[in-house]
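A structural walkthrough
Chain residues, written in single-letter form:
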Amino acid sequence: MLQARGFKQSDFAKYHPSGAIGRAMLLRVGDIMRTGERNAIAREDLVVKEALLVMTRAKSGSLSIVNARGKLTGVFTDGDFRPSHGRERKSAESAAEKGNDAQADLYLQNALAVEALKIFNERNIDDLIVVNAKREPVGLVDSQDLAELKIM
């Protein structure tokens, strides 16, 4: 019936903006991402110990690793550290060597928040790195923030 009347997803969001579904349809990733001090970013040569400190200061479970030009080259998470904790590891090992390829968990800031929610569910991840068109990390969406934002 909704299709017959020409009622679209955007109409639902317009007429129900304060509800969780409407809010998720209207919000962009750029509206919900962590930025500034809450977005942990570090250069490729940062050692694991320092990377953990940067993440702790940002109260984040992940760190965007960038090259000298500020382009995202990888992602380091607390999960990358945990499996090796307690084993013999060089403390000077870089976060880039320990981290993940940056392809899997990044998203553009102008994408809809509901699309980010879909990625969290499909990939079973905790953090989504947000990049601009130049592939520079500009924010982070933490799955723990989604309930507080009422878009889950």
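Here's what I pulled together on the structure shown here.

1. Let's talk about the pairing of strand 7 (residues 137-142)
With 5 of 6 residues buried, strand 7 lies mostly within the body of the structure. The pairing of strand 6 (residues 127-131) with strand 7 spans 5 bridges and is classified as antiparallel. Residue pairing across strands places Val-130 opposite Gly-139, the latter belonging to strand 7. Connecting strand 6 to the next strand, strand 7, in antiparallel fashion are 5 residues, including Arg-135 with a positive phi near 65 degrees.

2. Here we look at helix 7 (residues 113-123)
Quick reminder: α-helices carry 3.6 residues per turn. Residues three or four places apart thus point the same way. Along helix 7, the residues that are buried comprise Ala-113, Ala-116, Leu-117, Ile-119 and Phe-120. Down the axis of helix 7, the smallest arc covering the buried residues is 160 degrees, so these residues share one side. Seen from the open side of helix 7, the exposed residues pointing more than 90 degrees away from its buried face are Lys-118, Asn-121 and Glu-122. Asn-124 occupies a position one or two residues after helix 7 and carries a positive phi of about 55 degrees.

3. Describing unusual backbone geometry
Backbone phi values are negative for most residues with the exception of glycine, while trans is the configuration of most peptide bonds. Even without a glycine there, the phi angle at Lys-59 is positive, about 55 degrees. Residue position: Lys-59 is located in the loop between helix 4 (48-58) and strand 2 (62-66). Within the chain, Arg-135 stands out as a residue other than glycine whose phi angle is a positive 65 degrees. Along the chain, Arg-135 falls in the loop between strand 6 and strand 7.

4. Here we look at the nonpolar core
Counting 14 residues, the largest nonpolar core has Val-29, Phe-120, Leu-128, Val-141 and Leu-146 as its most contacted members. No other element matches helix 7, which puts 5 residues into this core. Within the second largest apolar cluster, 10 residues are counted, among which are Val-48, Met-55, Leu-63 and Ile-65.

Criteria and cut-off values
Residues numbered from 1 in each chain as written. Predicted model: local features only at pLDDT ≥ 70, side-chain atom pairs only at ≥ 80, totals over all residues. Heavy atoms only, no water. Buried < 20%, exposed > 50% of the residue type's maximum accessible area, 1.4 Å probe, protein only. Helix = DSSP H or I, 4+ residues; strand = E, 2+ residues; numbered from the N terminus. Pairing = 2+ DSSP bridges. Arc of directions from axis to C-beta. Core = buried A, V, L, I, M, F, W, Y, C linked by side-chain atoms within 4.5 Å.

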